[in-house]
Protein chains: 2
Amino acid sequence: MRDVCVMGCGIIKFGELWNKSLRDMFVEAALKTIDDAGVDQIDSLYVGTMTPGLFVGQEHIGALMADYLGAAPIPAVRIESACASGGMAFRQGFLDVASGMSDIVLVGGVEKMTDGADVTYALSTAADQEYEVYQGITFPGLYAMIANAYMHQFKATRKHLAQVAVKNHYNGSLNPNAQYQSVITIDDVLNATMVADPITIMDSSPVSDGAACVVITSMEVAKKLKKPIIKVIGSGAATDTLALHQRNDLTTLNAVRISAEKAYKMAGVKPDDINLAEVHDCFTIAEICITEELGFVEKGKGAEFVEKGETALTGKIPINTSGGLKSKGHPVGATGVAQVVEVVEQLRGNAGKRQIKNAKIGLTQNMGGSGASSVTHIFSM
Amino acid sequence: MRDVCVMGCGIIKFGELWNKSLRDMFVEAALKTIDDAGVDQIDSLYVGTMTPGLFVGQEHIGALMADYLGAAPIPAVRIESACASGGMAFRQGFLDVASGMSDIVLVGGVEKMTDGADVTYALSTAADQEYEVYQGITFPGLYAMIANAYMHQFKATRKHLAQVAVKNHYNGSLNPNAQYQSVITIDDVLNATMVADPITIMDSSPVSDGAACVVITSMEVAKKLKKPIIKVIGSGAATDTLALHQRNDLTTLNAVRISAEKAYKMAGVKPDDINLAEVHDCFTIAEICITEELGFVEKGKGAEFVEKGETALTGKIPINTSGGLKSKGHPVGATGVAQVVEVVEQLRGNAGKRQIKNAKIGLTQNMGGSGASSVTHIFSM
């Protein structure tokens, strides 16, 4: 397997982008990325996007984006793994370069959620239609069940959950590409509209439009480019039951743990070696559970960990320095690639006001559904 | 790049399978395939499917199928490239093994089209929504424009087109897994209901449910299995403009030609070396144009080529021995994988009444939209 590097990245400001179409957003992020990498050729394109068919009536996204980027006839394909589509697209691009088929691959993630589609229904297609959705469950409901089980089992409180949102909004206030750049308080979260008890609207990531891209290359190509070389040292993906009720324990995210174990093993590093992580905080409870599954803190101690500030910019392991899905926004297919963009910017020392100290090894973890799929990547300077 | 082999294949009879769900069909084909390969482990899963979100309200297909196959927590992802989703899923599985990440990969294609969705709308999402579909075009209309241009430019007739359907129905009559196992005549095609002049319903592939799978492995694993080793010697993918009107010539399928050139180059073979090909005959005109782009006959001579019987089971280059999309059926995401199943069965000498002589090297070509994406693979004993 060949060594693979991330040599360019680009993102557009996430938000309710009513004046930009799906293809507009992708092309804008892609052109920024190609400029950043300084490459004059692309061998192959991967686009992560969850459900453009339901959101905007368009499939065949790989070919569409190659076309509008002016990159046809390069091979191009769309990758879907619900909200982990971006992370899985990155993994497929990684394998393409690692195999020797391509030297320079563009990976993008994009989603257009605000064009009038029924967003709750469209997102529900990530759950088990036959055994969950047709019975009336939605994603806030699924994560509410996880949150209630967690709070009961580990004596955590709604305040613990709220602290994840407060931290991520603070980080997002330092990120010019975040959808919400506003600082919030614990009371703001606790007093916000209840969506599915105990999850309020401020425990939830927003509905967003956005796109992010990266250029990945072989080491041979990377050495010729005038950019810091960010190596992809670990890649792990895993799955779990699609339906939440089929798991042995509601608060255990097996796919997250296994995807991380695979990535750590491949990279030859331990959780303690990681300097920052971007993780899938679609709801506040998700970040707490994921922090545990990634091995940053033991099971049941995640709530206390965030309370102590250990996941803040100045903590032991800064998590979601970008603002995370909560504050940066969550255009679902774009999220996994946006996570890579943040880690690359941190490792390069380009993260501006939210730059952490001594960023040498970073991790991204992107999740689909209520945890039925997870993909973890580890990057080093 | 490691050598990659196809060591197992399985397909279910295509049709209007009202008693089988999306997951039922996939699991049935997958279990047949795993039995055929004789493997006791799978490292990774790729599922090609075009638009299950619109057809049955379900995305997150990779994780769903890993779950219902009992294969979780293996990595699993869904690949979409419109009607080329199956072929592109095969390519991603190929890259996974070639890279060294996985030793044994299951690739499946599946589509459930008869569950009540608006099929014409769902399929139209493979075209350019902004510049084609919103103006009222559908796929029969797009291919009718290609057919009219071809007939005008090369003095071909509706009878030429009809001969493709007649040949493919004859082949399909010998395939127990074909949706339609009936022999038809040229008059049956010419007198059938007109869909979009000059394309009748008998020039068109049907609406189908179905699934097909293959197991691909490294050469090291292949040598330990008690099966003929079918090597994947070439893989090429390419794209073109999504919208038909943006091309210089309506009858030229650039993506098909370029995907084939890449596959021939990688395999080190020429069109004359190919003993059989499964190609994307979504409409009769498509098979004629593709036969030319693959280099089996020169441009403009494809109609005459089929008339002379050169593409029949006993011809110079048998095309669509399975019955093709026209007669075997076209559950869109399954098609690209079903093509591989047919070539593997022919190379193994297991194709029953439709077995051709001296099948040593076979080719599959799978297309998306009106030709905006194409993927070609070449296989040898």
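The residue numbering used here restarts from 1 in each chain and proceeds along that chain's sequence as written. All chains are assigned letters beginning with A, and all ligands numbers beginning with 1, in the order in which they are written. Confidence filtering applies because this is a predicted model: local features only for residues at pLDDT of at least 70, side-chain atom pairs given and counted only at 80 or more, and all residues used for totals across whole chains, interfaces and linings. In computing side-chain properties, one takes all heavy atoms of the structure into account and sets aside hydrogens as well as water.

Now for the overall build of chain A. Across its full length, chain A holds 14 helices and eleven strands. By its C-alpha atoms, chain A is 55 × 45 × 35 Å across when sized along the principal axes. When accessible area is computed with a 1.4 Å probe and restricted to protein chains, residues below 20% of their type maximum are described as buried, those above 50% as exposed, and intermediate ones as partly exposed. The 381 residues of chain A split such that 70% are buried. Relative to all contacts within chain A whose residues are 6 or more apart in sequence, the contacts with residues 24 or more apart total 78%. In the structure as shown, chain A presents an accessible area of about 11900 Å², 51% of it carried by carbon and sulfur atoms. The average position of the 33 basic charges and that of the 41 acidic charges among the side chains of chain A differ by 7 Å. Helix numbers and strand numbers start at the N terminus; a helix is a DSSP run of H or I with at least 4 residues, a strand a run of E with at least 2. Whether two residues touch is decided by their heavy atoms; if any such pair falls within 4.5 Å, the residues are in contact. Calculation of accessible area relied on Shrake-Rupley with a 1.4 Å probe; when residues are assessed, cover is drawn exclusively from the protein chains displayed. In this tally Asp and Glu are treated as negative and Lys and Arg as positive; neither His nor the chain ends contributes. Charged groups are reduced to one reference atom each: NZ for lysine, CZ for arginine, CG for aspartic acid, CD for glutamic acid.

Attention now moves to the interface of chain B and chain A. Each side of the interface is counted separately: chain B has 65 residues, and chain A has 65 residues. Accessible area that two parts lose when put together, evaluated with a 1.4 Å probe and summed over both, is termed the buried area. Together, the buried faces of chain B and chain A total about 4700 Å²; carbon and sulfur atoms form 53% of this surface. Salt bridge, as applied in this entry: a Lys or Arg side-chain nitrogen positioned within 4 Å of an Asp or Glu carboxyl oxygen. At the boundary of chain B and chain A, one finds six salt bridges. The salt bridge involving A:R23 is made with B:E130; its shortest N-O contact spans 3.7 Å. Two N or O atoms form a polar contact when they lie within 3.5 Å of each other; inside protein one atom must be a possible hydrogen donor and the other a possible acceptor, and for residues adjacent in sequence the pair counts only when both atoms belong to side chains. Seen at the junction of chain B and chain A, the total is 34 residue pairs in polar contact (both at pLDDT 80 or more). Breaking the side of chain B that touches chain A down by element, the ones donating at least two residues are α2 (52-56), α3 (61-68), β3 (76-80), α4 (85-99), β8 (230-239) and α10 (254-267) of chain B. Tallying contributions element by element places α4(B) first for the side of chain B that touches chain A, with eight residues. Residues are grouped as follows: Ala, Val, Leu, Ile, Met, Phe, Trp, Tyr, Cys and Pro are nonpolar; Asp, Glu, Lys and Arg are charged; all remaining types, including Gly, are polar. When grouped by side-chain class, the residues that make up the side of chain B that touches chain A number 35 nonpolar, 19 polar and eleven charged. As defined by bridge partners, strand β3 (residues 76-80) of chain A adjoins β3(B) across three bridges and the pair is classed as antiparallel. Bridge pairing links A:E80 to B:R78 in β3(B). DSSP bridges decide pairing: two strands pair if at least two such bridges lie between them.

Once that is clear, we can look at the nonpolar core. Counting 188 residues, the largest nonpolar core has A:F26 and B:F26 as its most contacted members. Excluding anything up to four places from it in sequence, B:F26 contacts B:L45, B:V47, B:M65, B:L69, B:L106, B:G108, B:V110, B:A211 and B:C213. Ranked by size, the runner-up nonpolar core spans 78 residues in total, among them A:L347, B:I79, B:V107 and B:L174. We define the nonpolar core as a collection of buried residues of types Ala, Val, Leu, Ile, Met, Phe, Trp, Tyr and Cys that are connected through side-chain atoms lying within 4.5 Å of one another.

Let's shift gears to the packing of aromatic side chains. Aromatic rings from Phe, Tyr and Trp, with only the six-membered ring used for Trp, were paired whenever their centres fell within 6.5 Å, and each pair was classed as stacked if the ring planes differed by under 30 degrees, edge-to-face if by over 60, and tilted otherwise. Taken as a whole and assessed by the stated rule, the structure comprises eight aromatic pairs over all chains. In this structure an aromatic cluster arises from ring pairing among A:F139, A:Y143 and A:F283. Residue placement shows B:R23 over the ring face of B:Y68; its charged tip is 4.4 Å from the ring centre. In our convention, an over-ring charge means Lys NZ or Arg CZ found within 6 Å of a ring centre and within 35 degrees of that ring's normal.

Time to look at the relation of the copies chain B and chain A. Alignment of the copies relies on least squares applied to C-alpha atoms, considering only residues that score at least 70 for pLDDT in both. Structural alignment of chain B on chain A gives an RMSD of 0.0 Å, achieved by rotating through 180° and translating 0.0 Å along the axis. On the angle and the small slide along the axis, the relation comes out as a two-fold axis. Residue B:S99 of chain B places its C-alpha closer to the rotation axis than any other residue of that unit, at 1.8 Å.

Now for helix α10 (residues 254-267) of chain A. Each α-helix winds once per 3.6 residues, and so residues spaced three or four apart point in a common direction. Residue and element names in this part refer to chain A. Helix length check: α10 (14 residues) gives 20 Å between terminal C-alpha atoms against 20 Å at 1.5 Å per residue, within 8%. By the burial criterion, the buried members of α10 are A255, V256, I258, S259, A260, A263, Y264 and A267. On the buried face of α10, the contacting elements are β8 (230-239), α11 (284-293), β10 (361-368) and β11 (373-380). Take the residue count of a helix, subtract one, and multiply by 1.5 Å to get its expected span.

Confidence in the prediction of chain A, expressed as mean pLDDT, is 98, and 100% of residues score 70 or more. Here the predicted complex carries an ipTM of 0.98, next to a pTM of 0.98. Scored between 0 and 100, pLDDT is the confidence that the predictor attaches to each residue.

All names here are of chain A. Per the counting criterion, the structure on display carries 33 salt bridges over all chains. One salt bridge in this structure joins E28 and K20, with 3.0 Å as the shortest N-O distance. The class for E28 is partly exposed, based on a relative accessible area of 29%. The partly exposed category is assigned to K20, whose relative accessible area is 24%.

It is worth spelling out the pairing of strand β11 (residues 373-380) of chain B at this point. Residue and element names in this part refer to chain B. Counting buried residues in β11 gives eight out of eight residues, a clear majority hidden from the surface. Of the two faces of β11, the one carrying S373, V375, H377 and F379 and the one carrying S374, T376, I378 and S380 are both buried. Note that β8 and β11 share eight bridges and pair antiparallel. When the bridges of β11 are listed, A237 appears paired with V375. Two successive antiparallel strands, strand β10 (residues 361-368) and β11, enclose a turn made up of four residues, where G369 displays a positive phi of approximately 65°.

Let's shift gears to unusual backbone geometry. Residues and elements named next belong to chain A. Here the amide bond leading from A72 into P73 is cis, since omega sits at 15°, within 30 degrees of zero. With respect to the helices, strands and loops of the structure, P73 is situated in the loop between α3 (61-68) and β3. Cis geometry is adopted by the peptide bond preceding P198, which originates at D197 and carries an omega value of 10°. Relative to the assigned elements, P198 resides in the loop between β5 (194-196) and β6 (199-200).

Residue and element names in this part refer to chain B. Looking at the secondary structure, you find T364 in strand β10. With relative accessibility at 3%, the residue T364 sits in the buried group. Residues T364 and F296, spaced 68 residues apart in sequence, show a C-alpha to C-alpha distance of 13 Å. In this structure, T364 is in contact with E278, Q339, V340, V343, V375, T376, H377 and F379, ignoring residues within four places of it in sequence.

Further remarks concern the packing of helix α6 (residues 139-154) of chain B against helix α11 (residues 284-293) of chain B. Residue and element names in this part refer to chain B. Note on definitions: angles span 0 to 180 degrees between N-to-C directions of axes, and those axes are lines fitted to C-alpha atoms, for helices only across the stretch in contact. In the contact formed by α6 and α11, the axes pass within 9 Å of each other and the chain directions differ by 60°. The angle between the axes of α6 and α11 places the two elements in the oblique class. At the point where α6 passes α11, the crossing takes the left-handed sense. When α6 is examined against α11, the residues Y143, I146, A147 and Y150 are found in contact with a partner set consisting of I285, A286, I288, C289 and E292. Its residues placed into classes, the contact of α6 with α11 shows eight nonpolar, no polar and one charged. Note on terminology: angles under 35 degrees are roughly parallel, angles over 145 are roughly antiparallel, angles of 65 to 115 are roughly perpendicular, and the others are oblique. For any pair of crossing helices, the crossing counts as left-handed if the nearer helix is rotated counterclockwise from the farther one by less than a right angle, and right-handed if it is rotated clockwise.

With that settled, consider the pairing of β10(B). Residues and elements named next belong to chain B. For β10, a buried count of eight out of eight residues is recorded, marking the element as mostly surrounded by other parts of the structure. Of the two faces of β10, both are covered, the one formed by I361, L363, Q365 and M367 as well as the one formed by G362, T364, N366 and G368. Sheet topology places strand β9 (residues 276-278) next to β10; three bridges connect them, and they run parallel. By the bridge assignment, L276 is partnered in β10 with G362. Strand direction decides the pairing type here: β10 and β11, joined by eight bridges, are antiparallel. The residue of β11 that forms the bridge with M367 is S374.

This part covers α4(B). Residues and elements named next belong to chain B. Compared with the 21 Å implied by 1.5 Å per residue over 15 residues, the 21 Å span of α4 between its first and last C-alpha is a close match. Counting buried positions along α4 yields 15 of 15 residues, so the element is predominantly enclosed. Trailing α4 by a residue or two, G100 shows a phi angle of about 95°, which is positive.

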